[in-house]
Amino acid sequence: MPRAVLIVLDGVGCGAAPDAASYGDANANTLAHTATAVGGLHLPNLAAWGLGRITAIDGVPPAPSPRAAVGRMREASAGKDTTTGHWEMCGLVTREPFATFPRGFPAELVDAFTRAVGRGVLGNKAASGTAIIDELGAEHLRSGKLILYTSGDSVFQIAAHGDVVPVSDLHAICEKARRLCDPWRIARVIARPFVGEPGAFRRTYDRRDFAMPPPGETLCDRLAAAGVPVVGIGKIPDIFSGRGIAEAIHTEGNADGLRATLAAMERLSSGLIFTNLVDFDMLYGHRRDPAGFARALCELDAALPELERRMRPGDWVALSADHGTDPTAPGSDHTREHVPVIVRGGRATDLGTRATFADLGQTLAEHFGAGRLDAGESFLGEIQPLPELTA
């Protein structure tokens, strides 16, 4: 059975999509603008794989002979959030956008939520997660009320201090919220635990996403039906509501996600290792921190040689993203962008601009012999094995 690694660089877009203006993102380019903001990036391994051929990145020249197949993908789904991006990457295009609530959630939903969980709420508005915790955290400590907020995405986010609401209780509260949010077509309920004292609050990696279940078949479902194990690392199991995931591995940021990916490569002889690296988006994109974003890219770059060393004949390592989160854009929301697609393990070729993220899922489905997904065109035929990986 083949083996592949798919690493989603959460929020690492590579230039505005054709319809970006309708989302308020006409000039977005996460990679290019991050590089410009820090005076250029030094990413020798990503450069060698071909990253600089996808978009102009200060400090990352286009490799004349890249080591990987490279291109970019356009989103066909309505929206620019984590759920739609991951689902589409796995062959499920979302035609009807999820509901968003820029002015806060309606009283009908909030009242039902407070009755169900036995606590009041603070906030109920669109806000940056760190900003609203700083704003309302002290009152939350005094009152015990939950901090409820949203963003430009379809998210019902509940923040609580660990001393007021233990993490296990917060997760149970979110499970109740998930059932209430389904009729409203809210993509994700997110538990946002935090710790610390007023003026020094910090969010923890005990965050958990409670997503709507995918309304159709995904790559994970198809692989599971074909007997191909899927290991979900980071928030992947949450995004797919656990469907098709044989093993779920919780992580605490990018470095931990990369360690878990390498460990899975060491012990698994076949199947799909499916990883999300959340720090690009959560810590740096939403907080509009290009310097932090650049450091995270350098951390990824430094891990690539070890990923290559652990590849076996016939393996693939694919890098992509679910949306952009341009750290130089106004506001704190995602940005509607193309995303990179970089595949190491096949012939180094120009994959061009793909019409949908689903092309990657369709290619992986064909790679594993799992049959066709509903959306996407495979580029498997454009990639031939590299001699050094098949010797």
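This report concerns the structure included in the present document. Note that the coordinates shown come from a computational prediction; the quantities given were computed from them, not determined experimentally. (Residues numbered from 1 in each chain as written. Predicted model: local features only at pLDDT ≥ 70, side-chain atom pairs only at ≥ 80, totals over all residues. Heavy atoms only, no water.)

## Side note on the side chain of Asp322
Here's step 1: Topologically, Asp322 is positioned in the loop between strand 12 (316-320) and strand 13 (339-344).
Here's step 2: One buried charged residue, Asp322, remains without a salt bridge, the closest side chain of opposite sign being Lys235 at 5.3 Å.
Here's step 3: Side chain to side chain, Asp322 and His86 meet in a polar contact 3.5 Å long.
Here's step 4: The residues touching Asp322, leaving out its near neighbours within four places in the chain, are Val8, Leu9, Asp10, Gly11, Glu75, Asp81, Thr82, Gly85, His86, Met89, Val339 and Phe357. (Helix = DSSP H or I, 4+ residues; strand = E, 2+ residues; numbered from the N terminus. Buried < 20%, exposed > 50% of the residue type's maximum accessible area, 1.4 Å probe, protein only. Lys, Arg positive; Asp, Glu negative; His and termini not counted. Salt bridge = Lys/Arg side-chain N within 4 Å of Asp/Glu carboxyl O. Polar contact = N/O pair within 3.5 Å; in protein donor to acceptor, adjacent residues only side chain to side chain. Contact = heavy atoms within 4.5 Å.)

## Re the packing of aromatic side chains
Here's step 1: Per the stated rule, a full pass over the model turns up 8 aromatic pairs.
Here's step 2: Ring plane angle 45 degrees and centroid distance 5.1 Å describe the contact between Phe101 and Phe105, whose orientation is recorded as tilted.
Here's step 3: On the basis of relative accessible area, Phe101 is assigned to the buried category, the value being 13%.
Here's step 4: Given the relative accessible area of 5%, Phe105 is considered buried.
Here's step 5: Taking the centre distance of 5.5 Å and the plane angle of 40 degrees together, the rings of Phe280 and Phe293 count as tilted. (Phe/Tyr/Trp six-rings, centres within 6.5 Å; stacked < 30°, edge-to-face > 60°.)

## What to know about the side chain of Arg207
Here's step 1: Locating Arg207 in the fold gives a position in the loop between strand 7 (202-203) and strand 8 (208-211).
Here's step 2: For Arg207, a relative accessible area of 12% puts it in the buried group.
Here's step 3: Among the polar contacts listed, one links the side chain of Arg207 to the side chain of Asp209, at a separation of 2.7 Å.
Here's step 4: Other than its neighbours up to four places away in sequence, Arg207 contacts Arg188, Ile190, Ala191, Arg192, Pro193, Lys235, His250 and Met282.

## Quick look at the nonpolar core
Here's step 1: Ranked by internal contacts, the top residues of the largest apolar core, which has 85 residues, are Leu51, Leu272, Phe274, Phe280, Leu319 and Leu360.
Here's step 2: No other element matches helix 11 (residues 290-309), which puts 8 residues into this core.
Here's step 3: For Leu51, the contacting residues outside a window of four places in its chain are Leu31, Leu43, Leu46, Ile57, Val60 and Ile342.
Here's step 4: Ranked by size, the runner-up nonpolar core spans 22 residues in total, among them Val117, Leu148, Ala160 and Cys174. (Core = buried A, V, L, I, M, F, W, Y, C linked by side-chain atoms within 4.5 Å.)

## Concerning the pattern of salt bridges
Here's step 1: One pass over the structure, following the stated rule, counts 23 salt bridges.
Here's step 2: Residues Asp19 and Arg336 are paired through a salt bridge, measuring 2.9 Å at the closest nitrogen-oxygen approach. One end of the pair, Asp19, is in the loop between strand 1 (3-9) and helix 1 (30-37); the other, Arg336, is in the loop between strand 12 and strand 13, and 317 residues separate them in sequence.
Here's step 3: Residue class for Arg336 comes out buried when judged on its relative accessible area of 2%.
Here's step 4: Between Glu306 and Arg310 there is a salt bridge; the shortest N-O distance is 2.7 Å.

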